[in-house]
Amino acid sequence: MKKIKLRLKYRKRFKAIPIRNNIPNMITSGNLLCGMLSLILTVRGHYLPAAWMIPCAVFFDFMDGKVARAMGVSSDFGVEFDSLGDVVSFGVAPAILLYSAALRTLPGVTGAIAAAFFALCGALRLARFNVVHVPGPFQGLPIPAGGFFLISFIIGGVVLKIPTWLLGIITAAVGVLMISSIPYGNLKTIRKGCMNKAKLCGLAVFTLAVFILTRSRGFLILSSIYLLSGLVRFDWGTWLALPDPASAAEKEPAAEQEQH
């Protein structure tokens, strides 16, 4: 009887959830789908199309959070579902792809260990983010940026031009960055209408120029810049945000007192 009552209770809750609340989860499904397609293409030996599935997954990962915040329908289920999709699309898929394309030629199980270590660090990074989520910069390299950085070697056509042992070290190092406490810029901290449009336009022009000059290698250059920005403690969110009027007003009286 208790089981029947519980089933009826959960069925009522499920029916009470409107389709509108599930729209962000539908977009998250696109993220997971891209990750699975990347894995399937990798198994079939189509490495370049498999790599392009990851930028598509980044788009869905960006849009699901944006839509959820705009509609005000964020939920604990959506957060967990998003993390599961990220593990597949930005952890497992890039690791298997890079292993199949290059790391498998390393002696013994070295390449497999490097790829597995990256995926493991990505999962740990997401688990820590869900449990200990603090406002401000990301603590550690976000897993979408880590996965995007790895597949950019394949999209840029340089994966076979770099020594395999160096790729193995890079893969493991990116994994370490994800579980580190190094702060990385978080653009989600910028409130609507508080973004410096001049800097944003300058950044857009720079990005366009990089792609025009370097073409497919632009992904590798831009992701490398973001990866290095954390090491030098450069916060993109703070740089793009307009000065807070309240904090500026607090600083002015303090400066006047120092002058007196």
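What you see is a predicted model, and the numbers here were worked out from it, not measured in a lab.

**Observations concerning helix α3 (residues 47-71)**
Consideration 1: For α3, built from 25 residues, the straight-helix expectation of 36 Å at 1.5 Å per residue is met to within 8% by its first-to-last C-alpha distance of 37 Å.
Consideration 2: Of the residues making up α3, those classed as buried are Ala 50, Ala 51, Met 53, Ile 54, Pro 55, Ala 57, Asp 61, Asp 64, Gly 65, Val 67 and Ala 68.
Consideration 3: Residues of α3 that are buried sit in contact with α2 (23-43), α4 (76-101) and α6 (143-155).
Consideration 4: Among the residues trailing α3, Gly 72 stands out with phi positive, at a value near 65°.

**Quick word on the environment of Gly 122**
Consideration 1: Considering the arrangement of structural elements, one finds Gly 122 in helix α5 (residues 110-131).
Consideration 2: The residues touching Gly 122, leaving out its near neighbours within four places in the chain, are Ile 143 and Met 178.

**Details of the side chain of Ser 38**
Consideration 1: With respect to the helices and strands, the residue Ser 38 is situated in helix α2.
Consideration 2: Take Ser 38: its relative accessible area is 1%, and that puts it in the buried class.
Consideration 3: With residues near it in sequence (within four places) discarded, Ser 38 still touches Ala 50, Met 53, Ile 54 and Ala 93.

**Some points on the nonpolar core**
Consideration 1: With 47 residues, the main nonpolar core has Leu 141, Phe 149, Phe 153, Val 174 and Tyr 184 as its most contacted residues.
Consideration 2: Those elements that place two or more of their residues in this core are α2, α3, α4, α5, α6, α7 (164-179) and α9 (218-231).
Consideration 3: It is α6 that provides the largest number of residues to this core, a total of eight residues.
Consideration 4: If sequence neighbours within four positions are ignored, Phe 149 has contacts with Ile 170, Val 174, Leu 220, Ser 223, Ser 224 and Leu 227.

**Focus: unusual backbone geometry**
The phi torsion of most residues other than glycine is negative, and most of the peptide bonds are trans.
Consideration 1: Despite not being glycine, Arg 215 has its phi angle at roughly 55°, a positive value.
Consideration 2: A relative accessible area of 67% places Arg 215 in the exposed class.
Consideration 3: Even without glycine at this site, Arg 233 takes up a positive phi of about 60°.
Consideration 4: Positionally, Arg 233 belongs in the loop between α9 and α10 (236-240).

**Regarding the packing of α3 against α6**
Helix-helix packing is characterised by the crossing angle of the two axes and by the distance between the axes.
Consideration 1: Look at α3 against α6: their axes get within 9 Å of each other, and the N-to-C directions meet at 150°. Between α3 and α6, the interaxial angle falls into the category roughly antiparallel. The interaxial crossing formed by α3 with α6 has left-handed handedness. Residue-level contacts link Tyr 47, Leu 48, Ala 51, Trp 52, Ile 54, Pro 55, Val 58 and Asp 61 of α3 to Pro 144, Phe 148, Ile 151, Ile 154 and Ile 155 of α6.

**Let's talk about the packing of aromatic side chains**
Consideration 1: By the definition in use, this model includes nine aromatic pairs.
Consideration 2: Plain terms: the ring middles of Trp 52 and Phe 219 are 5.4 Å apart, the flat faces sit at 85° to each other, and that makes the pair edge-to-face. With Trp 52 in helix α3 and Phe 219 in helix α9, this residue pair connects regions lying 167 residues apart in the sequence.
Consideration 3: Of the residues examined, Trp 52 reaches a relative accessible area of 36% and is grouped as partly exposed.

**Let's talk about the confidence of the model for the chain**
Consideration 1: On average, the chain scores 84 in pLDDT, and the residues at 70 or more come to 84%.
Consideration 2: For the chain, helix α11 (residues 245-259) is the element with the lowest average pLDDT, namely 47, and α7 is the one with the highest, namely 96.

**Some details on α7**
Consideration 1: Taking 1.5 Å as the rise per residue, α7 with 16 residues should run 22 Å; its terminal C-alpha atoms sit 23 Å apart, in good agreement.
Consideration 2: Those residues of α7 not exposed but buried are Leu 167, Gly 168, Ile 170, Thr 171, Val 174, Gly 175, Leu 177 and Met 178.
Consideration 3: On its buried face, α7 is in contact with α4, α5, β1 (138-139), α6, β2 (183-184) and α9.

**Things to note about the side chain of Asn 25**
Consideration 1: The topology assignment puts Asn 25 in helix α2.
Consideration 2: For Asn 25, the residues in contact, after removing those within four places along its chain, are Phe 77, Gly 78 and Phe 81.

**Overview of the environment of Leu 222**
Consideration 1: Position of Leu 222 relative to the elements: it lies in helix α9.
Consideration 2: By relative accessible area, Leu 222 is classed as partly exposed at 22%.
Consideration 3: Between the alpha carbons of Leu 222 and Phe 149 there is a distance of 8.9 Å; along the sequence they are 73 residues apart.
Consideration 4: Sequence-distant contacts of Leu 222, that is, excluding residues within four places in its chain, are made with Phe 206, Thr 207, Val 210 and Phe 211.

The rules behind these values
Residues numbered from 1 in each chain as written. Predicted model: local features only at pLDDT ≥ 70, side-chain atom pairs only at ≥ 80, totals over all residues. Heavy atoms only, no water. Helix = DSSP H or I, 4+ residues; strand = E, 2+ residues; numbered from the N terminus. Expected span 1.5 Å × (residues − 1). Buried < 20%, exposed > 50% of the residue type's maximum accessible area, 1.4 Å probe, protein only. Contact = heavy atoms within 4.5 Å. Core = buried A, V, L, I, M, F, W, Y, C linked by side-chain atoms within 4.5 Å. Axes fitted to C-alpha atoms, helices over the stretch in contact; angles between N-to-C directions. Parallel < 35°, antiparallel > 145°, perpendicular 65-115°, else oblique. Left-handed = near helix turned anticlockwise from the far one by under 90°. Phe/Tyr/Trp six-rings, centres within 6.5 Å; stacked < 30°, edge-to-face > 60°. pLDDT = per-residue confidence, 0-100.

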